[in-house]
Amino acid sequence: MGVEQIRARAHAKVNLHLGVGQARADGYHELVTIFQSLSLHDELELKVLSKRAPKHGSVIDTLTLSGQAKGVPDDEDNLVWQAVDKLVAAYRAEGIGQLPMVELHLRKGIPVAGGMAGGSADAAAALRVTQAWLSEHADPLPESVLESIAAELGSDVPFTLHGGTMLGTGRGENLIPVMSRGHYHWVLAVSAAGLSTPEVFHKLDQLRESGRELPAHTDTTVLSRSLLNGDVAAVAANLVNDLQAPAISLRPGLRQILAAGEEAGALRGIVSGSGPTCAFLCRDAAHAAEVAGELIDSGLVIAAHPAQGPAEGAHVVPETF
Ligand code: ATP
């Protein structure tokens, strides 16, 4: 075996626009979303062991976790595990020989169940480390195979594989790049307990059924133009999240957090994805540090992380732990 240890970075995302349509027959909602990847990230390490893996079963010996990993499974329920198994199966279908077992270590920096696609980004990083490992021992499978496995694993996995700034439609898995100029400075305000993404979507359906005026925002024209111009004030003014109302309905305290960040001077605060993390867009890095400090002092959040976007998608990094 050439490479013994491979490490990849998994970047969080924020939705600059999240328009949510009706639930489809398959249970998913039709989305029109603009994703931006953020510097905030998890790290995944794959270490090749000397013992042999069974011919057909999983190659994963153990998955260990560190960092803010409360509630994250360390078995095959973890998306990382599923991603490795699926890409290994694709290589086996192409006739790769017997493989050794591997050990995985995931260090969480992205808030869990925070609406920042942490699990999805980890799955994307798992595809990257597995690809880097197996492409040393067989003809590399094309990127399109990783993309289709990503879409099977979850709606946000394809975006977290690519990163940058992208428009997502369908479940969010049909992606095209969005032209974006400049860097955006955010503060991510983390709540003590997460929110379940399916529950937030369900709440939106309930609120709409009960007659609340919550239209699906499907037009991203003005935001796209603001991104193209690199006009941070215009981007702030045009941030949209159709899941904000249901997230606040499930967690009324989010209203106070959004108000506290804006009082601290943020250009705009918005619930990130399905929440409960709140994302505050700031003028520059110094401004973000100031807003983060005030949010911590408010006592309303357990952490406030400054972060920049757009960042890269999941990618292999040279250093080891
Ligand atoms: P999204 O923004 O994509 O809706 P999220 O950021 O709100 O997702 P995640 O942090 O991805 O939520 O985790 C949601 C749940 O998924 C967790 O509570 C956990 O049970 C499960 N899970 C599976 N794999 C992972 C992983 N690698 N990291 C975190 N959670 C995972």
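Residues numbered from 1 in each chain as written. Predicted model: local features only at pLDDT ≥ 70, side-chain atom pairs only at ≥ 80, totals over all residues. Heavy atoms only, no water.

## Side note on the environment of Gly275
And then number 1: Note that Gly275 resides in the loop between strand 9 (268-271) and strand 10 (278-282).
And then number 2: The spatial distance from the C-alpha of Gly275 to the C-alpha of Ser135 is 37 Å, given a sequence separation of 140 residues.
And then number 3: Setting aside its immediate chain neighbours within four residues, Gly275 contacts Ala113, Gly114, Gly115 and Leu195. (Helix = DSSP H or I, 4+ residues; strand = E, 2+ residues; numbered from the N terminus. Contact = heavy atoms within 4.5 Å.)

## Quick word on the sheet that holds strand 10
And then number 1: Spatial strand order, 9-10-7-11: four strands in an open sheet with antiparallel pairing. Edge positions in the open sheet fall to strand 9 and strand 11 (303-309), since each of these has one partner strand only. For this sheet the average axis-to-axis angle between neighbouring strands, irrespective of direction, equals 25°.
And then number 2: Alignment of strand 7 (residues 184-190) against strand 10, held across five bridges, turns out to be antiparallel. Across the sheet, Leu188 pairs through a bridge with Ala279, a residue of strand 10.
And then number 3: Helix 10 (residues 285-298) rests against strand 7, strand 10 and strand 11 of the sheet, and its axis sits at about 15° to strand 7. (Pairing = 2+ DSSP bridges. Axes fitted to C-alpha atoms, helices over the stretch in contact; angles between N-to-C directions.)

## A short note on the nonpolar core
Nonpolar side chains in soluble globular proteins tend to end up buried together.
And then number 1: Within the largest apolar cluster, 65 residues are counted, with the highest numbers of intra-cluster contacts made by Val59, Leu127, Trp133 and Trp186.
And then number 2: Sort the elements by how many residues they give to this core and helix 2 (residues 118-134) lands first, with nine residues.
And then number 3: Of the residues that make up this core, three or more belong to each of domain 1 (5-176) and domain 2 (184-309).
And then number 4: Phe201, Leu254, Leu258 and Val291 belong to the second-largest nonpolar core, a separate cluster that totals 30 residues. (Core = buried A, V, L, I, M, F, W, Y, C linked by side-chain atoms within 4.5 Å. Buried < 20%, exposed > 50% of the residue type's maximum accessible area, 1.4 Å probe, protein only. Domains from an automatic or database assignment.)

## A few points about the packing of helix 1 (residues 79-93) against helix 3 (residues 143-153)
And then number 1: Two numbers describe how helix 1 lies on helix 3: the axes approach to 10 Å, and their chain directions differ by 140°. In terms of orientation, helix 1 lies oblique with respect to helix 3. As for how helix 1 packs across helix 3, the hand of that crossing is right-handed. Of the residues in helix 3, those in contact with Leu79, Gln82, Ala83, Lys86, Leu87 and Ala90 of helix 1 are Val145, Leu146, Ile149, Glu152 and Leu153.
And then number 2: Of the residues that constitute the contact of helix 1 with helix 3, the class distribution is eight nonpolar, one polar and two charged. (Parallel < 35°, antiparallel > 145°, perpendicular 65-115°, else oblique. Left-handed = near helix turned anticlockwise from the far one by under 90°. Nonpolar A, V, L, I, M, F, W, Y, C, P; charged D, E, K, R; others polar.)

## A look at the environment of Val157
And then number 1: You can see Val157 is positioned in helix 4 (residues 157-162).
And then number 2: Using a relative accessible area of 0% as the deciding quantity, one classes Val157 as buried.
And then number 3: C-alpha separation for the pair Val157 and Ala23, spaced 134 residues apart in sequence, amounts to 20 Å.
And then number 4: Setting aside residues no more than four positions away along its own chain, Val157 makes contact with Ser120, Ala123, Ala124 and Ala150.

## Let's talk about the pairing of strand 9
And then number 1: Here strand 9 pairs with strand 10 via four bridges, running antiparallel. Across the sheet, the residue bridging to Arg268 is Leu281, located in strand 10.
And then number 2: Between strand 9 and strand 10, which pair antiparallel and follow one another directly, the connecting turn spans six residues, one of which, Gly273, has a positive phi of 55°.

## Quick word on the packing of helix 2 against helix 3
And then number 1: Between helix 2 and helix 3, the shortest axis-to-axis distance is 10 Å and the interhelical angle comes to 150°. If you check the angle between helix 2 and helix 3, you find them roughly antiparallel. Pair helix 2 / helix 3 crosses with right-handed handedness. Along its contact with helix 2, which presents Ala123, Leu127, Arg128 and Gln131, the element helix 3 presents Glu143, Leu146, Ile149, Ala150 and Leu153.
And then number 2: Looking at the contact of helix 2 with helix 3 residue by residue, the class counts come to six nonpolar, one polar and two charged.

## Comments concerning the UniProt feature "domain: GHMP kinase C-terminal" (unreviewed entry) in the chain
And then number 1: As recorded in UniProt, the sites labelled "domain: GHMP kinase C-terminal" (unreviewed entry) are residues 227-295.
And then number 2: Between the end C-alpha atoms of residues 227-295 the distance is 26 Å, and the span holds 55% helix and 16% strand. (UniProt positions renumbered as here; feature names shortened; annotations may be inferred.)

## Considering the UniProt feature "domain: GHMP kinase N-terminal" (unreviewed entry) in the chain
And then number 1: UniProt's entry tags residues 78-164 with the feature "domain: GHMP kinase N-terminal" (unreviewed entry), counted in the numbering of this structure.
And then number 2: For residues 78-164, helix accounts for 56% and strand for 10%, while the C-alpha atoms at its two ends are 25 Å apart.

## A look at a negative patch on the surface
And then number 1: Judged by side-chain charge, Asp284, Glu290, Glu294 and Asp297 come together as a negatively charged surface patch.
And then number 2: Looking at the secondary structure, you find Glu294 in helix 10.
And then number 3: By relative accessible area, Glu294 is classed as partly exposed at 42%. (Patch = residues over 30% accessible without salt bridge, like charges linked within 9 Å, V, L, I, M, F, W, Y side chains within 5 Å. Areas by Shrake-Rupley, 256 points an atom, 1.4 Å probe, with all protein chains shown as cover. Salt bridge = Lys/Arg side-chain N within 4 Å of Asp/Glu carboxyl O. Lys, Arg positive; Asp, Glu negative; His and termini not counted. Charge placed at Lys NZ, Arg CZ, Asp CG, Glu CD.)

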